[in-house]
Each structure stands twice: as structure tokens, then as C-alpha cells.
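So you can see what is in the structure, the chains are spelled out below.
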Amino acid sequence: MQSIVAPSVLASDFANLQKEVEMLNRSQADWIHVDVMDGVFVPNISFGMPVCKAIKQHAEKPLDVHLMIVDPDRYIEDFQQAGADRIIVHYEACTHLNRTLNLIRQSGCKAGVAINPHTPVVLLEDIIGIADTVLVMSVNPGFGGQSFIERTYHKVRQLKQLIAQEQADTLIEIDGGVTSQNAYQLLEAGADVLVAGSFVFKADDPETVIAQLKKPKRT
Ligand code: DX5
Ligand code: ZN
């Protein structure tokens, strides 16, 4: 079993961002996950368009931009311009999610929707057909380095069923507390994309860790 690996630069060394991105270019990472936090939707502030643009300058892989912000419609064009290839908005932050996903697609980016740990999968029934990705949060968004919520496996299986039922072509992405301890089980449950921040960037050898996540072993 192979995954799409999307390391999150939130856990990288911001003072050496170019080097960190070059390491990802060399590695087996597929996408680069970019966490944008506004201090309103989540209790933390990370960075915005200028940093996204700086990452893009060195990145040889698609940018997967995870917007943890209120009213994301206001910034879709800006992030597309800043180099996003995929844009993920939160279900909980969108009053008109159908419109928002269509706006993302019209900008030329792939459109994704993220759900918080408390948000049930069934709420996605009417928009799954226009979502290129569903990102299942396996921690409460806002910080790296938190522990994985076990209920996620159940949600992934439910989501897999919903995607089949609606004959949609949607990738399932997992974000938060992903390690080589849960990667295999997540793929087995139906996940396609694994986001990992601290597990990659706090490792002695990030490239090896990325290779482990790419082809995880049963634990
Ligand atoms: C959390 C972010 C994640 C975070 C994951 O709000 O959305 O992408 O960087 O970090 P780890 O892998 O350390 O849980
Ligand atoms: Zn994220």
C-alpha cells in the first residue's frame, strides 16, 4: 500500500525554509502541506500569502494549502496567486460551502474541505461530488505535535462508503498526529493522503521518515 505524503511545513525551521523545502524536493514527498491559521478560526496564528509565495519559489511539488481561517472566500484568489495548487477550507468556516468549493475550482486549484474531529462525515453528503479532497482532522486544528484521535479510523471508513455511494472521485486526507505507528492502519481504513508535521521535521532523518510514510508497514 502506498500513500500520497504531504509533509506540513508548520513544523519546519522557518529560519531555514528554503533548505527545508529543498529537502522535501529531494524526498519522496508528493505534496507540500501549508497550514494557514488566522487566530480566529483556530487559537493560533501561523503565516499567510507571503510565506506561501516564498515556499512556492523553491518548491518542485504541488502546494496543498490548508486554510484554517474564517470567511475563506475572501482569500482564495490571493492564495491561488501565491502558488497554491490545492486549497482546503473548513466545513465549519463556510456558510455557503458549495459556492466556496466552486470558487476554488474556478480559480484553477483543486478544492478540498476539512472537517474538525466533532463534525460528522454525513454532513458532506451533498457536496462530496464537488470535493477533490476531504481532509479529516485527526486532532483539533491549531497546533502541531498533538496526539492522534482514534475515532478517526471510523470516520475514514464512513467517508470511504459515502464516496462510493455517491460515485465521487474524492481523496481522503488525514491531518494531525500521523506517524509510522498509525499510517498503515489509516491506509487500510481507506485514507489516500497522509499529512505529517512533527513526525517528519523533528526526526533526525526526515527523508527516511517520509519514505516510511510513503510505504508504511503494518504495526
Ligand atoms: C494542525 C495542522 C496540521 C499540523 C500537523 O492544525 O493542520 O497540518 O501541522 O502537525 P502534526 O503532524 O505534528 O500533528
Ligand atoms: Zn493542516
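Everything here concerns the structure above.
Residues numbered from 1 in each chain as written. Chains lettered and ligands numbered in written order. Predicted model: local features only at pLDDT ≥ 70, side-chain atom pairs only at ≥ 80, totals over all residues. Heavy atoms only, no water.

What follows concerns the coordination of the zinc ion (ligand 2). Ideal values differ by geometry: the angle at a metal is 109.5 degrees with four tetrahedral donors, but 90 or 180 degrees with six octahedral donors. With distances of 2.1 to 2.3 Å, the protein atoms coordinating the zinc ion (ligand 2) are His33 (NE2), Asp35 (OD), His66 (ND1) and Asp175 (OD). Each donor residue of the zinc ion (ligand 2) belongs to the same chain, and together they define the spacing H-x1-D-x30-H-x108-D. With a gap of 33 residues between them, His33 in strand 2 (residues 32–37) and His66 in strand 3 (residues 63–68) connect regions that are remote in the sequence. For the pair His33 and His66, a shared accessibility class is recorded, and that class is buried. (Donors = N, O, S within 2.8 Å, 3.2 Å for Na, K, Ca; no water. Helix = DSSP H or I, 4+ residues; strand = E, 2+ residues; numbered from the N terminus. Buried < 20%, exposed > 50% of the residue type's maximum accessible area, 1.4 Å probe, protein only.)

According to the stated counting rule, one finds two aromatic pairs in the structure shown. Between Phe14 and Phe47 the ring centres are 5.8 Å apart and the planes differ by 80 degrees, which places this aromatic pair in the edge-to-face class. Here Phe14, found in the loop between strand 1 (4–7) and helix 1 (17–26), pairs with Phe47, found in the loop between strand 2 and helix 2 (49–58); they are 33 residues apart in sequence, far enough to count as distant. Using a relative accessible area of 44% as the deciding quantity, one classes Phe14 as partly exposed. Among the residues examined, Phe47 registers a relative accessible area of 11% and is labelled buried. Summarising the aromatic geometry, the rings of Phe148 and Tyr153 are spaced 5.3 Å apart at their centres and angled 55 degrees between planes, so their arrangement reads as tilted. Like Phe148, the residue Tyr153 is buried in the burial classification. (Phe/Tyr/Trp six-rings, centres within 6.5 Å; stacked < 30°, edge-to-face > 60°.)

Moving on: the site of ligand 1. In the region of ligand 1, 19 residues are neighbours, and Asp35, Gly145, Asp175, Gly197 and Ser198 sit closest. The contact in question runs from an oxygen atom of ligand 1 to an N or O atom on the side chain of His33, over 3.4 Å. The separation between an oxygen atom of ligand 1 and a polar main-chain atom of Gly142 is 2.8 Å. Isolated, ligand 1 exposes 390 Å² of accessible area, and the fraction of that covered by the protein chains is 99%. (Near = heavy atom within 4 Å. Polar contact = N/O pair within 3.5 Å; in protein donor to acceptor, adjacent residues only side chain to side chain. Areas by Shrake-Rupley, 256 points an atom, 1.4 Å probe, with all protein chains shown as cover.)

What follows concerns the pattern of salt bridges. Inspection of every chain in the model, using the stated rule, returns five salt bridges. We note a salt bridge from Glu207 to Arg26, for which the minimum N-O separation is 3.2 Å. Of this pair, Glu207 sits in helix 8 (residues 206–214) while Arg26 sits in helix 1; the two residues are 181 residues apart in sequence, bridging distant segments of the chain. Residue Asp132 is joined to Arg105 by a salt bridge in which the shortest nitrogen-to-oxygen separation is 3.0 Å. Taken as a pair, Asp132 in the loop between strand 5 (110–115) and strand 6 (133–137) and Arg105 in helix 4 (residues 97–106) lie far apart in primary sequence, 27 residues in all. Taking the relative accessible area as the measure of exposure, Asp132 reaches 13% and is therefore buried. (Salt bridge = Lys/Arg side-chain N within 4 Å of Asp/Glu carboxyl O.)

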